Structure formats: C-alpha cells, structure tokens
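# Observations on chain architecture
Take a look at the letters that make up each chain.
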There are 2 protein chains.
Amino acid sequence: MGVKDPQSTPAKRSRPAVTPPPADGAAVETDVSSGRYGRQPMNQSAELLERPLHRVQELTAAQDGKQCFFVVRQQQFTVQALLAVGAETSKQMVKFAANVARESIIDVEGVVRRSPQPIESCTQQEVELHVTQLWVVSASEPQLPLQIEDACRPDTEEPEGVQIRVNQDTRLNYRVLDLRTPTNNAIFRVEAGICRLFRETLTAQGFVEIHTPKIISAASEGGANVFTVSYFKSSAFLAQSPQLYKQMAIASDFEKVFTVGAVFRAEDSNTHRHLTEFVGLDLEMAFAHHYHEVVDTIGNLFTEIFKGLRDNFQTEIETVRRQFPSEPFRFLEPPLRLDFIQGVEMLREAGVEMGDEDDLSTPNEKLLGRLVKAKYDTDFFIMDKYPLAVRPFYTMPDPKDGRWSNSYDMFMRGEEILSGAQRIHDAEFLTERAKHHGIDITKIQAYIDSFKYGCPPHAGGGIGMERVCMLYLGLDNIRKTSMFPRDPKRLTP
Amino acid sequence: MGVKDPQSTPAKRSRPAVTPPPADGAAVETDVSSGRYGRQPMNQSAELLERPLHRVQELTAAQDGKQCFFVVRQQQFTVQALLAVGAETSKQMVKFAANVARESIIDVEGVVRRSPQPIESCTQQEVELHVTQLWVVSASEPQLPLQIEDACRPDTEEPEGVQIRVNQDTRLNYRVLDLRTPTNNAIFRVEAGICRLFRETLTAQGFVEIHTPKIISAASEGGANVFTVSYFKSSAFLAQSPQLYKQMAIASDFEKVFTVGAVFRAEDSNTHRHLTEFVGLDLEMAFAHHYHEVVDTIGNLFTEIFKGLRDNFQTEIETVRRQFPSEPFRFLEPPLRLDFIQGVEMLREAGVEMGDEDDLSTPNEKLLGRLVKAKYDTDFFIMDKYPLAVRPFYTMPDPKDGRWSNSYDMFMRGEEILSGAQRIHDAEFLTERAKHHGIDITKIQAYIDSFKYGCPPHAGGGIGMERVCMLYLGLDNIRKTSMFPRDPKRLTP
C-alpha cells in the first residue's frame with residue numbers, strides 16, 4: 001500500500017493512545033469541520049467502498065506533506081496525531097477529538113508532516129499526523145479496567161511514583177485489553193511460528209498430519225487426573241494425550257504421523273508451568289532398527305524450530321525482550337544428548353544426593369539445566385535412557401540393562417518440554433508390563449489389542465507448545481503464552 | 001535410496017498379503033536356510049544398524065537380477081514374492097514362510113527378477129522377488145476380524161459368490177486394520193492436505209494462527225447440545241465452536257486469525273454427516289468497509305484448497321475413486337455467489353413450495369446443489385444474505401432490509417460446509433438482539449463485555465474439515481473421513 005489517492009482515501013482504523021488537549025470555550029453555532037468528524041453509524045456493511053485504508057507502519061518521512069490517513073495505535077505501531085483549531089478545524093471538532101475514549105477504534109484522515117524532532121514515544125518517530133477528519137468506528141467505554149500503557153511497562157523499570165503494574169489476574173480477566181500490547185501481539189505470533197515450523201519440518205520429511213479424538217471411552221493410563229464428560233446417557237473422558245491414536249496410526253501403516261491439538265490434565269497444580277488444557281505437538285514414527293532414529297528426528301526438529309524462530313521472528317523476539325528481558329536462546333547443532341546417568345553424575349558433582357534410578361525433581365531439573373548450560377553452552381538438550389521404574393508401563397525396557405529404558409525427555413532452559421519413548425509394540429509383552437505395574441488389563445484391552453495384528457517398532461513424543469514458547473522467550477509463566485489459559489482456578493474468559 | 005550394498009542390507013519392513021504355497025514333507029534334520037529366516041526377537045533397539053531398508057515402491061525392472069530387499073505390501077504398494085525349495089532354501093524355511101500370518105510385519109532379503117508377464121494384482125507389476133531371507137518383525141494373530149482384501153473391494157463390483165464387503169461398524173471396530181487399505185491411506189493424506197492448504201493460504205495473507213480453549217465456563221449459545229465436563233469441584237462445558245475466542249482476538253487487534261481444532265456437539269443425530277466431535281477450520285477477520293471483503297477471502301480460500309488438491313493429490317484422489325467412484329469436483333474461479341432469495345427462487349422454479357424467509361431443509365439444500373450444478377457447472381457455491389430470523393442472535397442484520405442478514409453459508413455438492421456472518425461488534429446492539437432472541441443476558445455477559453472497549457467490524461466462519469474431505473472426494477459417510485469418529489453411539493476405539 002502507498003499513499004496514492006489522498007483525496008478519496010479514508011484513514012486506517014486505529015485506537016487513540018494519545019489524545020490532543022481539549023479546546024476551551026463554549027460551542028459556537030457554525031462548525032467549519034461539519035462532516036469531517038463524529039461517531040460513525042455502526043458498520044453494518046451498508047456500502048461497498050473502494051477506498052483503501054493505510055497502515056500506521058507505512059507512515060514515514062517519504063510521505064512528508066502528502067495528505068494521508070493514519071492510525072494512532074495499530075497493533076505494535078504508533079504515530080503522533082495533531083489536531084488544532086484553525087480555518088478548517090472547528091473548536092467543536094477538537095473538543096470531540098479530545099473526548100474520544102481511549103481504546104476506541106477510529107478512522108482518521110490527515111496530512112503526514114516531518115516532525116521537528118524525533119517522537120520518541122512512538123514507533124513512527126520521524127513524522128506526525130495533522131488530522132483533517134476523525135471518525136469513531138467503535139467507541140470504548142471511558143473507564144478501562146486496565147491501561148494499555150501500564151500493561152506495556154517493562155519488567156526492568158523500577159516502579160516509582162505513579163507507575164503501575166498490571167497483575168496477572170487482572171490481565172487475564174480483561175484479556176481482550178491485555179492482548180493489545182505489542183508484547184502480547186509478538187508472543188502469539190512467535191507461538192504461531194512454532195506450530196508452523198513444527199508442521200512444516202515434519203511434513204517435509206513425509207510425516208502425515210492426523211487428528212485424534214479428545215473424547216475417549218477409557219482413561220488409558222489408569223484414570224488419574226482425567227476430566228469426566230457426560231456423554232448422552234453414559235460418561236466419557238477427555239484425552240490426556242493423543243498417544244494411543246498416534247500409535248494406532250503407526251500400526252495402520254502410516255509410518256510417520258504428527259498431530260496438533262488440545263490435551264487435558266485434571267491436575268490440581270497451581271504452578272507457573274501447569275495448565276489444565278494445553279496444546280500438544282505430538283509425533284510418532286516407525287523406525288527401522290533403533291529408537292535413536294526417532295530421537296535424532298525429534299532433536300533435529302527442535303533445531304529447525306529454533307533456527308526458524310531466530311531467522312524469521314527477530315522483531316517479535318526483541319519486542320518481547322524489551323518488556324520481559326531474557327538471554328538469547330542458545331542451542332547446538334546437532335543437539336546435545338546425555339544419558340540419564342550422566343545427568344545424575346553432573347548433579348552429584350554439584351552436591352546433589354540421589355540414587356542412580358531416582359527420578360529428577362523439578363529443582364534438580366532446573367539445576368541440571370544450569371550445569372549443562374555452563375558446561376556445553378546450550379539451553380536445549382536431550383536426556384536419554386531414563387530409569388525404567390519411573391516411566392509408564394508401555395515404555396520399552398533397555399535390552400542390555402533392565403534398570404534403564406528406551407525413553408527420553410528434552411529440556412529447554414532446564415524445564416521439560418518433551419517426554420517420549422520407544423513404545424512396546426508387542427501385545428504380549430505389553431500385557432506383561434501392564435500387569436507388572438498393577439494395571440487392570442480389562443481397562444486397557446483396546447490399547448493392547450491395537451498391537452495384535454502386526455505393528456512396526458516405533459517411538460515418539462509429545463511437546464507442550466505453550467512451554468516451548470514460554471521457555472524460548474525466557475518468560476516466567478505459562479499463562480503468558482496461552483491466549484486464554486485454563487488452570488484449576490480459571491475457566492474464563 | 002538405491003540398492004547399493006546387497007550383501008549387508010536387510011529387507012524393508014512389510015506385510016505379507018500373499019503367501020507362497022506350503023511345502024510338503026516332514027522336517028529334515030539339516031536346514032540349509034538356517035540363519036536366514038525366523039521370528040526376530042522383539043525390537044528393543046538393541047543395535048544401531050547402518051543398513052538401509054528399501055521400499056516396495058522403488059522396485060522396478062531396473063533392479064532386475066540384483067539382489068534386493070522388499071516389501072510384500074507397504075502402504076499402497078505391493079510386490080509379488082517367491083520362495084522355492086532349492087540349494088540355499090530349505091523345506092523348513094518355505095514352510096515357515098507359508099505359515100507367517102497375514103498382516104505380520106516382515107523384513108525380507110531377496111533378488112529382484114523381471115517377471116515373465118505383468119503381475120496385475122500388484123502395484124509393482126514388472127518384477128517379482130526371489131526371497132533369500134525372511135524375518136518376522138512383528139507377528140499378527142492368525143485370525144483377522146476383517147480381511148484387508150475385502151476392505152479394499154470397490155463399491156462398483158457386484159458382490160458375487162464368496163465376495164465379501166466389510167460393513168462400516170466392523171471397519172470402525174477394527175480401525176487399525178481398516179486404515180491399512182490404500183483408500184484409507186489416501187483419504188487421510190488428502191485430509192492432511194486440506195488442513196495444510198487452509199493454513200498456508202491464510203498465513204500467506206497475514207492471518208495469525210491462534211489456539212482457543214475447549215473447556216469453557218458457559219455455553220454461549222444458550223446451552224443446547226453442549227457436553228458437560230466435571231471441572232474439579234465445579235462443572236464446565238465443551239466448546240461448540242471457537243467463535244467467541246476468535247472474536248476476542250479480533251477485539252484484541254489481531255485483525256485476521258484462524259484456528260484448527262476439535263469442536264463438540266452433543267447432538268443426538270445419527271446421520272451420514274454428523275459427528276459429536278469434529279475438526280473445525282475457523283477464521284475471523286476485521287474488515288474495512290463491508291463484510292463481502294471477508295466473503296471474498298473465504299471464497300478464494302476454498303478455490304486455493306480445491307486447486308491445491310487437484311494439483312498435488314491426484315494419485316490419492318484416483319486411489320479413492322477406484323474404490324468409491326465419484327465425479328471429479330467442479331469449481332468456478334471466482335466462486336459463484338447467490339443471494340438466499342435467488343436460491344429460494346431456483347427451488348420454487350423446481351416446484352418447491354416455501355416462504356422467502358424459511359430456512360432450507362437438508363433435502364432442499366441437496367436439490368439446490370443439483371440445480372446450481374446443472375445451471376452453473378460448479379460443485380461449490382456461496383449463499384449470502386440469509387433471513388435474519390433463522391440465524392443466531394449475534395448476526396448483523398442487513399442495514400437495508402431487516403428481513404435479511406449479513407450472513408452466508410457455503411456448499412459443496414449440495415451440503416453445507418461453512419456457516420458464517422458479520423458479527424455484531426457493538427455491545428449495546430448485541431444486548432438488544434440477545435434480548436430479542438429471549439436469551440438470558442447474564443449468561444452471555446462475558447461475551448458482550450468483549451466488545452465494550454472498541455472492536456472493529458468483523459466477520460468469519462467455521463468449516464467442518466471432515467465434511468470438506470468427504471464432499472470433495474464424493475464419499476457417502478463422514479465416518480470415512482474421521483480417523484476415529486465419534487457419534488452418539490460410538491466412543492471407541
């Protein structure tokens with residue numbers, strides 16, 4: 001878009017972040033601005049107009065002197081607008097403009113002028129807009145439950161005097177306002193990028209996207225932490241993962257599959273990294289000889305995601321970092337892979353007391369992340385060969401040492417973002433392992449039966465999408481990367 | 001892949017669809033084939049082998065005489081394998097091979113020979129495989145609940161003698177076998193293509209992918225047909241559509257958004273086109289002047305999907321058509337758009353009696369599809385300006401004639417696949433319209449409040465993904481395009 005036909009072009013829709021000072025004096029009878037400002041009738045698509053709107057982002061000194069149309073704030077872009085009483089601008093119009101509530105949607109016509117000095121508070125620093133028409137498309141209530149300005153304030157600034165922060169709950173209660181900040185706009189663009197890179201990387205390797213049901217008849221892992229749904233005259237559950245269905249697709253000769261979708265955990269965990277509903281990026285893959293073929297595929301997938309974000313989302317990453325400072329995300333190519341026991345040894349060297357087959361606590365995972373970062377300079381690594389005892393019943397044991405298993409977790413900045421394993425593809429052995437875990441076989445019979453008609457050896461994993469976004473951007477709470485988060489205490493908006 | 005190092009390369013994993021005749025005679029003591037056949041130990045990833053597996057698809061006469069490794073059936077590809085008692089092949093080995101259960105996974109080593117005449121029953125018609133080693137990777141149970149051969153039988157063939165069809169319920173009960181047919185393999189590749197084309201087309205136009213919660217606190221459209229979930233000590237609902245959240249994203253300045261995810265309908269409809277859980281391809285978009293900007297965007301999106309399928313999925317489409325014959329899908333560019341009243345008039349001309357503002361019944365939609373096809377030669381069209389009375393309360397009325405509304409449905413082969421509208425973006429007017437519909441305002445207050453702080457005019461729609469796939473391929477039942485369908489009577493597998 002350019003500024004081609006200034007006479008017939010209306011202003012681009014925008015929100016007034018800054019309003020001009022109100023005019024003094026009583027209303028006069030004649031209004032030289034009549035027909036150039038006001039509240040537009042609610043748009044009901046009455047007319048098919050051929051008038052393009054211009055974007056704030058496009059306003060630069062190249063348009064100096066041209067008549068143009070602008071946005072005060074449009075997504076992450078802002079421009080200063082001016083309105084002064086004069087030959088064609090009435091007091092009434094200036095007064096009207098001054099009274100437009102913040103966060104209303106406006107269409108504006110104006111002239112772009114090079115500003116005498118850079119306007120540091122705006123993204124379009126070299127120009128300002130001299131308003132000739134101003135129309136309110138959608139008025140906001142005058143009282144806002146939170147100020148966008150406050151919601152934008154960097155974490156680095158020390159609060160002083162009137163500076164106000166907006167707490168997480170207020171943000172989430174009024175998410176429709178909170179999401180308007182440039183930071184939130186950027187976070188969710190990065191998140192969309194993660195999903196896209198996940199899918200594109202796997203599709204290029206011959207993976208097929210599938211969709212798996214969220215309503216299931218039985219809780220495959222024994223029924224803990226599962227939401228119950230009333231299903232006509234019976235009841236059902238919400239799937240905690242698409243794992244059974246990914247595995248069935250493998251048993252059905254699809255070879256390599258992925259799926260992106262909601263997963264549900266009825267866990268009463270009120271932490272910075274747990275949600276009751278989140279987006280799973282899941283994959284499953286048949287392999288020829290060894291599950292490390294799959295581990296390598298997943299490791300390389302993360303490398304592609306990290307490179308894609310670094311190369312294509314630098315503006316968004318910097319926008320987020322201005323409000324929430326973080327160190328750039330470091331990764332190795334190929335990724336670092338440690339055995340579980342190596343991780344344990346690093347922790348012991350750092351003074352942690354633990355047995356070879358103890359699972360890692362969350363603080364120990366964090367500590368290990370710091371040790372790995374110090375030693376290998378990477379924020380991402382793979383930990384392989386977990387103790388069999390700490391993994392689910394369907395995990396394939398290590399054939400050489402029964403203490404270990406063919407399973408792995410992957411970490412970003414010391415937090416787990418993927419859990420995966422070679423799955424047992426033999427119905428008989430799966431039954432044996434389920435019994436060993438004290439699981440009622442009748443409840444998982446359908447799962448076991450899926451492997452009775454021939455199934456290739458396979459492995460896979462599930463990635464927590466919001467966690468990847470949170471940890472890549474170095475954010476402190478998963479609610480920052482879930483557009484409408486769900487936790488034990490939050491179901492709205 | 002090629003056939004580079006025949007001595008050290010194992011065969012590609014496959015399933016025996018055809019087995020050689022069993023050998024006569026009793027077992028002898030010496031076995032010249034010893035070490036070249038048998039049941040492999042369960043793969044526990046014991047060894048990291050560097051031996052590539054070859055694919056059935058690659059076996060052509062170019063490999064004539066070379067030693068090679070093959071698949072009997074691998075996804076949609078099949079090859080004939082031979083095993084005869086000889087200098088290096090024992091009776092025991094032939095007997096073992098004859099007894100491998102159908103649908104087992106096998107790795108085979110063999111020599112590719114040009115076949116004396118084309119093998120019409122296989123996809124690799126010009127070659128056959130002379131087996132030198134045969135290993136069972138994963139054995140199937142000998143008794144199969146359905147035969148893949150039966151599940152593959154074209155709809156066109158008249159059943160005669162022993163020919164057996166597999167009914168829908170048997171297919172779905174043993175989906176892990178049913179999905180192995182080339183037709184099912186093709187259907188779900190087409191479906192993955194639809195999702196990819198949807199996302200890529202919109203992403204290229206600046207749409208941002210979002211994720212919306214499936215667990216919601218209130219049923220926005222009054223509570224009918226909603227599944228209830230127990231949520232800790234309280235209860236919640238499963239979202240019938242992501243609409244509220246898409247609209248909130250628009251009110252949050254995201255301008256253009258899409259989302260792909262599960263939607264839930266607790267409707268006790270047992271028809272060929274209803275599921276209780278399906279995948280919604282949803283989009284929402286702010287517009288400058290008129291909702292037809294959005295209608296055009298969606299219409300063009302469908303054009304891109306149809307072109308993408310036609311150009312990139314011809315093999316899959318033909319595979320499906322061999323089993324389930326259908327006419328190629330016809331579409332116009334740009335798509336045909338009719339007003340609702342024009343559709344009514346076409347129906348009246350065909351003898352249907354109905355009022356101007358009556359909604360279309362399903363049979364009338366079907367009939368209209370046929371009339372449109374006959375007149376305009378298109379299987380896709382848009383019907384615009386539905387009667388206000390038959391649309392939900394949040395639909396924007398037509399500003400020029402209160403009988404109509406700024407809403408539209410889109411059709412493929414006479415069945416609705418998208419419903420959409422300009423939504424009311426004004427909180428006050430939305431309240432008025434909800435009251436007019438007799439809706440309890442307190443139950444939708446959160447929805448109304450989303451529009452209180454300024455919201456651009458916007459429109460959007462939701463596409464039923466499985467329906468698009470079913471209708472594009474001319475299939476007769478939506479359960480054919482849902483990998484693990486859910487309906488009032490089916491919750492498994």
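Residues numbered from 1 in each chain as written. Chains lettered and ligands numbered in written order. Predicted model: local features only at pLDDT ≥ 70, side-chain atom pairs only at ≥ 80, totals over all residues. Heavy atoms only, no water.

Before going further, it helps to examine the interface of chain A and chain B. Listed as interface residues are 111 residues of chain A and, on the opposing side, 112 residues of chain B. Taken together, both faces of the contact between chain A and chain B bury some 9,400 Å²; the carbon and sulfur share is 59%. Scanning the region where chain A abuts chain B turns up six salt bridges. Inspection of the chain A/chain B interface yields 50 residue pairs in polar contact (both at pLDDT 80 or more). The greatest single-element share of the side of chain A that touches chain B, amounting to nine residues, is contributed by helix 5 (residues 182–204) of chain A. Taken together, the residues that form the side of chain A that touches chain B break down as 55 nonpolar, 27 polar and 29 charged. (Contact = heavy atoms within 4.5 Å. Buried area = accessible area lost by both parts, 1.4 Å probe. Salt bridge = Lys/Arg side-chain N within 4 Å of Asp/Glu carboxyl O. Polar contact = N/O pair within 3.5 Å; in protein donor to acceptor, adjacent residues only side chain to side chain. Helix = DSSP H or I, 4+ residues; strand = E, 2+ residues; numbered from the N terminus. Nonpolar A, V, L, I, M, F, W, Y, C, P; charged D, E, K, R; others polar.)

A word on unusual backbone geometry. All names here are of chain A. Following Glu333, the chain continues into Pro334 via a peptide bond in cis, with omega recorded as 0°. Counting through the fold element by element, Pro334 comes out in the loop between helix 8 (314–323) and strand 15 (336–339). Looking along the chain, the bond that leaves Thr492 and enters Pro493 is cis, with omega of -10°. Mapped onto the elements, Pro493 comes out in the segment after helix 13 (465–472). Phi at Asp377 takes a positive value of approximately 55°, unusual for a residue other than glycine. With respect to the helices, strands and loops of the structure, Asp377 is situated in the loop between helix 10 (362–376) and strand 16 (380–384). Looking at Asp377, the relative accessible area reads 34%, which means it is partly exposed. (Buried < 20%, exposed > 50% of the residue type's maximum accessible area, 1.4 Å probe, protein only.)

Residue and element names in this part refer to chain A. Segmenting chain A into domains produces domain 1 (54–138), domain 2 (151–179) and domain 3 (184–480). For the pair domain 2 and domain 3, the two sides together bury roughly 820 Å², of which 45% comes from carbon and sulfur. For the domain 2 face of the interface with domain 3, the top three residues by lost area are Asp155, Gln168 and Leu179, together amounting to 48%. The interface formed by domain 2 and domain 3 holds zero salt bridges in total. Linking domain 2 with domain 3 are four residue pairs in polar contact (both at pLDDT 80 or more). Those elements that provide at least two residues to the side of domain 2 that touches domain 3 are helix 3 (168–173) and helix 4 (175–178). Top contributing element to the side of domain 2 that touches domain 3 by residue count: helix 3, with three residues. Residues belonging to the side of domain 2 that touches domain 3 are distributed by class as follows: five nonpolar, two polar and five charged. (Domains from an automatic or database assignment.)

With that out of the way, let us pick up the pairing of strand 18 (residues 458–464) of chain B. All names here are of chain B. Counting buried residues along strand 18, six of its seven residues qualify, which places the element largely inside the surrounding structure. The pairing of strand 13 (residues 277–286) with strand 18 spans seven bridges and is antiparallel. Pairing of Met285 across the sheet is with Ala459, part of strand 18. For strand 17 (residues 415–423) and strand 18, the ladder comprises six bridges, and the chain directions are antiparallel. Bridge pairing links Gln422 to Ala459 in strand 18. (Pairing = 2+ DSSP bridges.)

Our focus in this paragraph is helix 9 (residues 340–349) of chain A. Considered for burial, the residues of helix 9 of chain A that qualify are A:Phe340, A:Gly343, A:Val344, A:Met346 and A:Leu347. Projected down its long axis, helix 9 of chain A shows its buried positions confined to an angular sector of 160°, all on one face. (Arc of directions from axis to C-beta.)

What follows is about the side chain of A:Ser138. When you line up the elements, A:Ser138 lands in strand 8 (residues 127–138). With a relative accessible area of 7%, A:Ser138 lands in the buried category. For A:Ser138, the side chain forms a polar contact with the main-chain nitrogen of B:Cys455, separated by 2.9 Å. Excluding residues that lie within four positions of it along the chain, A:Ser138 makes contacts with A:Ser104, A:Ile105, B:His425, B:Gly454 and B:Cys455.

Right, let's talk about the relation of the copies chain A and chain B for a bit. Structural alignment of chain A on chain B gives an RMSD of 0.1 Å, achieved by rotating through 180° and translating 0.0 Å along the axis. Such a turn and shift between the copies fits a two-fold axis. Judged by C-alpha distance, A:Val229 is the residue of chain A that lies nearest the rotation axis, at 2.2 Å. An overlap of 100% is found between the interface residues of chain A and their copies at the interface of chain B, pointing to a shared contact surface. (Least-squares fit on C-alpha atoms with pLDDT ≥ 70 in both.)

This brings us to the pattern of salt bridges. Enumeration over the complete set of coordinates arrives at 56 salt bridges over all chains. Between A:Asp311 and A:Arg310 there is a salt bridge, with the nearest N and O atoms lying 2.9 Å from each other. Among the charged side chains, a network of salt bridges with common partners joins A:Arg73, A:Glu103, A:Arg180 and B:Asp253.

All names here are of chain A. Read from one edge to the other, the open sheet built from eight strands follows the order 9-13-14-19-18-17-16-15, with strand pairing classed as mixed. Each edge of the sheet is formed by a strand with only one pairing partner; in this case those strands are strand 9 (208–209) and strand 15. Both strand 9 and strand 13 (residues 256–264) contribute to a ladder of two bridges, which runs parallel. Among the inter-strand pairings, Val208 is bridged to a residue of strand 13, identified as Val257.

Another aspect to go through is the side chain of A:Thr181. Residues and elements named next belong to chain A. Within the fold, Thr181 resides in the loop between helix 4 and helix 5. On the basis of relative accessible area, Thr181 is assigned to the buried category, the value being 1%. When sequence neighbours within four positions are dropped, the list of residues in contact with Thr181 reads Ile148, Ala151 and Cys152.

All names here are of chain A. Here helix 9 crosses helix 10 at 90°, and the two axes come no closer than 10 Å. The angle between helix 9 and helix 10 falls in the class roughly perpendicular. Together, Gly343, Met346 and Leu347 of helix 9 and Asn364, Leu367, Leu368, Leu371, Val372, Lys375 and Tyr376 of helix 10 make up the contact between the two elements. When the residues that make up the contact of helix 9 with helix 10 are grouped by side-chain class, the tally is seven nonpolar, two polar and one charged. (Axes fitted to C-alpha atoms, helices over the stretch in contact; angles between N-to-C directions. Parallel < 35°, antiparallel > 145°, perpendicular 65-115°, else oblique.)

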